[in-house]
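# Residue-level structure breakdown
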Amino acid sequence: MTNPMNPTNLRIGVMYDRDWAPEGLPEFARRAEALGVDDLWVVEDLGWNGGVSAAAVALGATERLRVGIGITPAPLRSPALLAMELATLARVFPGRLVAGIGHGVREWMTSVGVAPRSPLALLEETITSVRALLRGERVELEGREVRLDGVQLVHPPAEPPPLVAGVVRPRSLELSGRVADGTLIAEGHGPRDLENIRTLTAKGGAGPEHTLTVLAFCYVGDDPDDVARTLHPHTEGHGDWLGRPQEQVFTVSGNASEAAEDIGTLSTAGADTVVLRIVGAEPLSQLESVLRALGR
C-alpha cells in the first residue's frame, strides 16, 4: 500500500536560506545529499548571494543532487549572459540543474537602474530567448525589452536545463504556462492556491508536463507554542507581501508526522516538488525527521 504522506513521484527539496553564509553551502549540500533529499535550491536576492555562483558551488560539492536556482531576476542579466552561464553548468553537471527566472522585486530593480518598462514582456522575451539559446539556436530578437542580433552559443548543452518561472500574479502565471517548463511558487501558498495556479498556467497553455515547484516555510517541533513562535516573524512578513492574513500563510510545520502530512496535501493539490525553507535551529536535523516521517 502506498503511504499517502510519501507520494512516489514527489520530489523533496531543501532551500539554502539567503541569510546563511555562503561558505557553509558546500557542507550543507553534502549533508543534505547524504540524507537522501532530491533537490537543493539556492536563492538570488539583491544584496545576498549570487544564484548562478551558488548553484555552481552546490553542484561541485555533490554527486547526484539536483540544484535549483530560485530565482534569477530577469532584469539583472542579459539573456545571452544568463544562457552562457546556465549552459556551462548544464554541460559540466548534466541533468542536475533547474533554472528559475522571475521579474525580480520592482523596488530592488529600480535601485540598480534596471527596472523594465514592461516586466511581463521582459520575462517572456528572456525565457523564450534563453530557451532557444540553450537549444543551440541562433537568436534574432527585436523585442520590447530584449534585443539579440544573431546570438548563438558555441557550447550549448546536450541536455538543456528546465526553465521555470518564479511568479505570483495571475497574468504572470498565464505567461509561465505559455513559455516556461514549470512554475516556481513562493512560500505561503497552500493546496487551494495550487488548484488556482494550475488553472491559470493551463489557461496560458501549460500541459501536464508543466511542473509546479512549491517553496514552503518549515519548522518541525513537538511544542505547538514553540512552532508558532518560531514561524511568526516569517509568516507575518510573508502575509503582508502576499496580501493575506498571517494565519492563511501555509507552512509545513508541527511534529514530523504533521509536517509530512502538510507535504502530502501539497502533492495531492498538484505540487511536483516541495522545497522546504527550514527556519529555526538545526535545519538538517529537522529535514532528517521529515524525511524519516515520509518513509525516505
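See the structure shown above.
Residues numbered from 1 in each chain as written. Predicted model: local features only at pLDDT ≥ 70, side-chain atom pairs only at ≥ 80, totals over all residues. Heavy atoms only, no water.

### Focus on the pattern of salt bridges
Which entries qualify depends on this criterion: For this document, the term salt bridge refers to a Lys or Arg side-chain nitrogen within 4 Å of an Asp or Glu carboxyl oxygen. A run of DSSP states H or I qualifies as a helix once it reaches four residues; a run of E qualifies as a strand once it reaches two. Both are numbered from the N-terminal end. The cut-offs for exposure are 20% and 50% of the maximum accessible area for each residue type, with area from a 1.4 Å probe on protein chains only; residues under the lower value are buried, those over the upper are exposed, and the others partly exposed.
For the structure on display, the rule yields 21 salt bridges. For the salt bridge of Glu-187 with Arg-277, the shortest nitrogen-to-oxygen distance reads 3.0 Å. Of this pair, Glu-187 sits in the loop between β8 (182–185) and α7 (191–203) while Arg-277 sits in strand β11 (residues 273–278); the two residues are 90 residues apart in sequence, bridging distant segments of the chain. This pair shows no difference in class: Glu-187 is buried, exactly as Arg-277 is. One continuous salt-bridge network, built from bridges that share partners, spans Arg-11, Asp-39 and Arg-66.

### Considerations on the packing of helix α5 (residues 119–134) against helix α6 (residues 170–179)
Threshold: Helix axes are fitted only over the stretch in contact, all axes being lines through C-alpha atoms; the angle between N-to-C directions runs from 0 to 180 degrees. Should an angle fall under 35 degrees it is called roughly parallel, over 145 degrees roughly antiparallel, and 65 to 115 degrees roughly perpendicular, with every other angle called oblique. Each crossing gets its handedness from the near helix: less than a right angle anticlockwise from the far helix is left-handed, clockwise is right-handed. Contacts are assigned to residue pairs with any non-hydrogen atoms lying within 4.5 Å of each other. Three residue categories are used. Nonpolar comprises Ala, Val, Leu, Ile, Met, Phe, Trp, Tyr, Cys and Pro, charged comprises Asp, Glu, Lys and Arg, and polar comprises the others, including Gly.
The interhelical angle for the contact between α5 and α6, taken along N-to-C directions, is 15°, at an axis separation of 11 Å. Relative to α6, the element α5 is oriented roughly parallel. Classified by chirality, the crossing of α6 by α5 is right-handed. Residues Leu-120, Leu-123, Glu-124, Ile-127, Thr-128 and Arg-131 of α5 form the contact with α6, whose own contacting residues are Arg-171, Ser-172, Leu-175, Arg-178 and Val-179. Of the residues belonging to the contact of α5 with α6, the class tally is five nonpolar, two polar and four charged.

### Some details on helix α9 (residues 256–268)
Filter applied, for reference: Helix span, as expected, comes to 1.5 Å for every residue beyond the first. Two N or O atoms count as a polar contact when they lie within 3.5 Å, although within protein this holds only if one can serve as hydrogen donor and the other as acceptor, and sequence-adjacent residues are included solely when both atoms are side-chain atoms.
Spanning 13 residues, α9 covers 18 Å between terminal C-alpha atoms, matching the ideal 18 Å at 1.5 Å per step. Of all the residues in α9, the buried ones are Ala-256, Ala-259, Ala-260, Asp-262, Ile-263, Gly-264, Leu-266 and Ser-267. If you follow the buried residues of α9, they end up packed against β1 (11–15), α7, β9 (211–220), β10 (251–254), β11 and α10 (283–293). Sitting at the head of α9, Asn-255 places a side-chain oxygen 3.1 Å from the backbone nitrogen of Ser-257.

### A few points about the pairing of β8
Put simply, the test is: Should DSSP find at least two bridges between two strands, the strands are taken to pair. Orient the strands so they point away from the viewer, and a crossover whose first-strand-to-second-strand path over the helix runs clockwise is right-handed.
Of the two faces of β8, the one lined by Gly-182 and Leu-184 and the one lined by Thr-183 and Ile-185 are each fully buried. Examined bridge by bridge, strand β7 (residues 163–166) and β8 share three bridges and lie parallel to one another. Looking across to β8, one finds that Ala-165 is bridged to Thr-183. Handedness of the β-α-β unit built from β7, α6 and β8 comes out right-handed. Sheet analysis places β8 next to β9, joined by four bridges and oriented parallel. Bridge assignment links Ile-185 to a residue of β9, and that residue is Val-214. Chirality of the crossover, the property in question, places the unit of β8, α7 and β9 among those that are right-handed.

### Focus on α10
Listed as buried for α10 are Pro-283, Leu-284, Gln-286, Leu-287, Ser-289, Val-290 and Leu-291. If you follow the buried residues of α10, they end up packed against β1, α1 (25–35), β9, α9 and β11.

### Let's talk about the packing of aromatic side chains
Here is the rule: Centre distance within 6.5 Å is the pairing criterion for rings of Phe, Tyr and Trp, where only the six-membered ring of Trp is used; planes under 30 degrees apart are then read as stacked, over 60 as edge-to-face, and the remainder as tilted. Each ring is checked for a lysine NZ or an arginine CZ that lies within 6 Å of its centre and within 35 degrees of its normal; such an atom marks a charge sitting over the ring.
Inspection of the entire model under this criterion finds four aromatic pairs. On the numbers, 5.2 Å between centres and 80° between planes, the contact of Tyr-16 with Trp-20 is edge-to-face. Relative accessible area serves as the criterion here: at 7%, Tyr-16 is assigned to the buried category. Relative accessible area serves as the criterion here: at 23%, Trp-20 is assigned to the partly exposed category. Among the aromatic residues, those joined into a ring-pair cluster are Tyr-16, Trp-20 and Phe-28. Above the plane of the ring of Trp-48 lies Arg-18, whose end atom (NZ or CZ) is 3.8 Å from the centre.

### Some details on a negative patch on the surface
In plain terms, the rule: Patches in this entry comprise residues that are over 30% relatively accessible and not in a salt bridge; like charges within 9 Å are linked, as are nonpolar side chains (Val, Leu, Ile, Met, Phe, Trp, Tyr) within 5 Å. Exposure was quantified through the Shrake-Rupley algorithm and a 1.4 Å probe, taking into account, for residues, occlusion by the shown protein chains and nothing else. Positive charge is attributed to Lys and Arg, negative charge to Asp and Glu, and no charge count is given to His or to the chain ends. By convention, charge coordinates are those of NZ in Lys, CZ in Arg, CG in Asp, or CD in Glu.
Together, Asp-222, Asp-223, Asp-225, Glu-258 and Glu-261 make up a negatively charged patch on the protein surface. Examined against the element boundaries, Glu-258 turns out to sit in helix α9.

### So, the environment of Val-42
In this fold, Val-42 is placed in strand β2 (residues 39–42). For Val-42, a relative accessible area of 3% puts it in the buried group. The spatial distance from the C-alpha of Val-42 to the C-alpha of Ile-69 is 5.2 Å, given a sequence separation of 27 residues. Val-42 has contacts with Leu-25, Gly-51, Ala-54, Ala-55, Gly-68, Ile-69 and Gly-70, leaving out every residue within four places of it along the chain.

### What to know about the packing of α1 against helix α2 (residues 51–61)
It is the contact of α1 with α2, at a shortest axis distance of 8 Å, that shows an interaxial angle of 50°. As judged from the angle between their axes, α1 and α2 are oblique. Crossing handedness for the pair α1 and α2: right-handed. Judged by residue contacts, Leu-25, Pro-26, Ala-29 and Arg-30 of α1 engage Ala-54, Val-57, Ala-58 and Ala-61 from α2.

This is a description of form; function is not addressed.
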